[in-house]
Amino acid sequence: MKHTWMAYQRNNLAHLWVPACLALLAGLAACQAGATPTPEVAPSVAVDILPAPTKAPPLPACLEVEGVRLDVKISTGGETRLAASGLNPAEKLTVVFYAESEGRTFKIESSPVASPEGTVEYVENLGKVAGGFFKNWQVQVVHARGVACTQVSLP
């Protein structure tokens, strides 16, 4: 009899579990069927058409200032003497020598300081730079009020 009672209990439990599992599965299916899928939203993209790239200027634009004088002399050996006057006393400057030839460029920059009288002298041997390949040079003195410019050619 004990055996029969256990079989009865097992059949009863199976009888209860089957409808419960089916109800659970039906509930899950209903949840998923009723759920609205989240639509994919494409991000907005702004497109700007830019002009074709241009080569950046290698030097600042010349901005002559009244009273500032730039004098550059080249000796036969290529030694270049730069003298500038009319600058602010003890002003930090940028001296630039720039050359371009056959698609190659060469740039020399230095940062001298003007004297208490507002003058500066600077010497560079452009004849020895890059084996004398560059003959024509742009020379600039960048100061607080502008840019003094000139061009020189090696002999």
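For the structure, see preceding data.
Residues numbered from 1 in each chain as written. Predicted model: local features only at pLDDT ≥ 70, side-chain atom pairs only at ≥ 80, totals over all residues. Heavy atoms only, no water.

Colleague: Give me the state of the cysteines: which residues, what numbers.
Modeller: Tallied over the entire structure, the rule returns one disulfide. Each sulfur of the disulfide joining C62 and C149 lies 2.0 Å from the other. The sign of the -115° torsion about the S-S bond sets the C62-C149 disulfide as left-handed. One end of the pair, C62, is in the loop between α1 (2-34) and β1 (69-74); the other, C149, is in strand β7 (residues 146-153), and 87 residues separate them in sequence. Classification of C62 as partly exposed rests on a relative accessible area of 47%. (Disulfide = S-S within 2.5 Å. Helix = DSSP H or I, 4+ residues; strand = E, 2+ residues; numbered from the N terminus. Buried < 20%, exposed > 50% of the residue type's maximum accessible area, 1.4 Å probe, protein only.)

Colleague: Quick one: what's the story with the environment of V96, residue by residue and with numbers?
Modeller: On the secondary structure map, V96 appears in strand β3 (residues 94-101). By relative accessible area, V96 is classed as buried at 3%. Taking the C-alpha atoms as reference points, V96 and Q140, 44 residues apart in sequence, are found 5.1 Å from one another.

Colleague: Provide a residue-level description of the pattern of salt bridges, including the pertinent values.
Modeller: Close approach of charged atoms lets side chains of opposite charge pair. Counted by the stated rule, this structure contains three salt bridges. For K107, the salt bridge is made with E109, and the minimal N-O distance between the two is 3.3 Å. Residue K107 is classed as partly exposed on the basis of its relative accessible area, which comes to 41%. (Salt bridge = Lys/Arg side-chain N within 4 Å of Asp/Glu carboxyl O.)

Colleague: I'd like to hear about the sheet that holds strand β4 (residues 104-110), residue by residue, with values.
Modeller: Here we have four strands laid out as an open sheet, ordered β4-β3-β6-β7, and antiparallel in their pairing. At either margin of the open sheet sits one strand with a lone partner, and together these are β4 and β7. Between one strand axis and the next, the sheet turns by 15° as a mean value, whatever way the strands run. In this sheet, β4 lies alongside β3 in antiparallel orientation, the contact comprising seven bridges. Counterpart to Y98 in the pairing with β4 is K107. (Pairing = 2+ DSSP bridges. Axes fitted to C-alpha atoms, helices over the stretch in contact; angles between N-to-C directions.)

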